[in-house]
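Tertiary structure, described
Here are the chains, one letter per residue:
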Amino acid sequence: QVQLVESGGGAVQAGGSLRLSCAASGGTFSLYGMGWFRQAPGKEREFVAGISSGGGITDYEDSVKGRFTISRDNAKKMVYLQMNSLKPDDTAVYYCAARYYSRAARSTSEYDFWGQGTHVTVSV
């Protein structure tokens, strides 16, 4: 079993930055593809960014490309999401997820473990 705990959410004004962190425990973290997802009120959970097990391959949803950066530290069992130039549309609960496969994926059904989420609110 893998446990994931997100942190770093909060309230920020448009144009600001936040860095989300996800701490993993259990399992062999360096083997898992990792993803960040978000869910806004009344909407489905959507893919934001993904990173391969070794960190060499990343993927981003179009609306966050150039603004968000996903990274990981396998020695610390951590994955991060640096969010810059935040917009009100980025307001959501952000979730970290892990899958038993080296590559990340864009579908929620491809992931085996989820964190509890961290809230991000971006005001105008």
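Attention here is on the structure that accompanies the text. (Residues numbered from 1 in each chain as written. Predicted model: local features only at pLDDT ≥ 70, side-chain atom pairs only at ≥ 80, totals over all residues. Heavy atoms only, no water.)

Some thoughts on the side chain of serine 52
Among the structural elements, serine 52 can be located in the loop between strand 5 (46-51) and strand 6 (58-60). On the basis of relative accessibility, which here comes to 7%, the residue serine 52 falls in the buried class. Separated by 3.3 Å, the side chain of serine 52 and the backbone nitrogen of glycine 56 make a polar contact. Aside from chain neighbours lying at most four places away, what touches serine 52 is Tyr32, Ile57, Arg72, Ser102, Arg103 and Ala104. (Helix = DSSP H or I, 4+ residues; strand = E, 2+ residues; numbered from the N terminus. Buried < 20%, exposed > 50% of the residue type's maximum accessible area, 1.4 Å probe, protein only. Polar contact = N/O pair within 3.5 Å; in protein donor to acceptor, adjacent residues only side chain to side chain. Contact = heavy atoms within 4.5 Å.)

A word on the state of the cysteines
Using the criterion set out here, one finds one disulfide in the structure. Cysteine 22 shares a disulfide with cysteine 96; S-S distance 2.1 Å. Looking down the S-S bond of the cysteine 22 and cysteine 96 bridge, the torsion is -75 degrees, so its handedness is left-handed. Residue cysteine 22 is located in strand 3 (residues 18-25), and its partner cysteine 96 is located in strand 9 (residues 92-99); the two are separated by 74 residues in the primary sequence. Take cysteine 22 and cysteine 96: they sit in the same class, and that class is buried. (Disulfide = S-S within 2.5 Å.)

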